[in-house]
Amino acid sequence: QVPLVESGGGLVQAGGSLRLSCAASGRTFSSYAMGWFRQAPGKEREFVAAINWNSNTYYSNSVKGRFTISRDNAKNTLYLQMNTLKPEDTALYYCAATPLGLRLPATPREYDYWGQGTQVTVSS
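Parameters and conventions
- Numbering of residues starts from 1 in each chain and follows the order in which that chain's sequence is written.
- A pLDDT threshold of at least 70 governs which residues receive local features in this predicted model, and a stricter bar of 80 or more applies before side-chain atom pairs are shown or counted, although totals over entire chains, interfaces and linings include all residues.
- Excluded from the side-chain calculations are hydrogens and water; all other atoms, namely the structure's heavy atoms, are used.
- Classification of ring pairs uses Phe, Tyr and Trp, with its six-membered ring standing for Trp, and accepts pairs whose centres are within 6.5 Å; under 30 degrees between planes counts as stacked, over 60 as edge-to-face, and the remaining range as tilted.
- The helix and strand labels rest on DSSP assignments: H or I over at least four residues marks a helix, E over at least two residues marks a strand, and numbering proceeds from the N terminus.
- Relative accessible area decides the class of each residue, using a 1.4 Å probe on protein chains only: under 20% of the type maximum gives buried, over 50% gives exposed, and in between gives partly exposed.
- When DSSP finds at least two bridges between two strands, those strands are taken to pair.
- Contacts are assigned to residue pairs that have any heavy atoms within 4.5 Å of one another.

Student: Tell me what's going on with the packing of aromatic side chains, and back it up with residues and numbers.
Tutor: Describing an aromatic ring pair means giving the distance of the ring centres and the angle of the ring planes. The tally for this structure, following the rule as stated, stands at seven aromatic pairs. Measuring from ring centre to ring centre gives 6.4 Å for Tyr-94 and Trp-114, while their planes differ by 80°; the resulting arrangement is edge-to-face. Here the residue Tyr-94 occupies a position in strand β9 (residues 91-98), and Trp-114 occupies one in strand β10 (residues 113-114), the gap between them amounting to 20 residues. Residue class for Tyr-94 comes out buried when judged on its relative accessible area of 11%.

Take a look at the structure:
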């Protein structure tokens, strides 16, 4: 098990910024690939970004250039820096982990562990 706890969500105006954090427990964080997903009401869970153990990254087209995924293995923490936020970014944001550390998975089924989510609301 890899318990994951997200934080940093909130209400922000369009054009603003937020930084999400995902704290992981255990000694294996540095070897895991990590991802961020989001889910708006009535919609399917959507891929946002992924980072592998070697800090290679992959983004969805909808956030590329605005969001940055990063990790601090010493702190067992994953981050998502979100800039130039838009109302369509409003969703519940989840972090996820997989022991397939070299990969950059972009579908929910490829991840084994999930956090409980943190709400991001962008007002227009």
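We are not done yet, so read on.
Student: Give me the pairing of β9: which residues, what numbers.
Tutor: Remark: a regular strand shows side chains that alternate across the two faces of the sheet. Burial analysis of β9 places seven of its eight residues in the buried class, which makes it a mostly covered element. One ladder, built from seven bridges, connects strand β4 (residues 33-39) with β9; its direction is antiparallel. The residue of β9 that forms the bridge with Arg-38 is Tyr-93. Across three bridges, the pairing between β9 and strand β11 (residues 118-123) is antiparallel. Considered in β11, the bridge of Tyr-93 is made with Thr-118.

Student: Any chance you could break down the environment of Asn-73 for me, citing the residues and the numbers?
Tutor: Relative to the assigned elements, Asn-73 resides in the loop between β7 (67-72) and β8 (77-82). For Asn-73, a relative accessible area of 30% puts it in the partly exposed group. Expressed as a C-alpha distance, the spacing of Asn-73 and Thr-28, which sit 45 residues apart in the sequence, is 9.5 Å. Ignoring sequence-local partners within four residues, the contact set of Asn-73 consists of Phe-29 and Ser-30.

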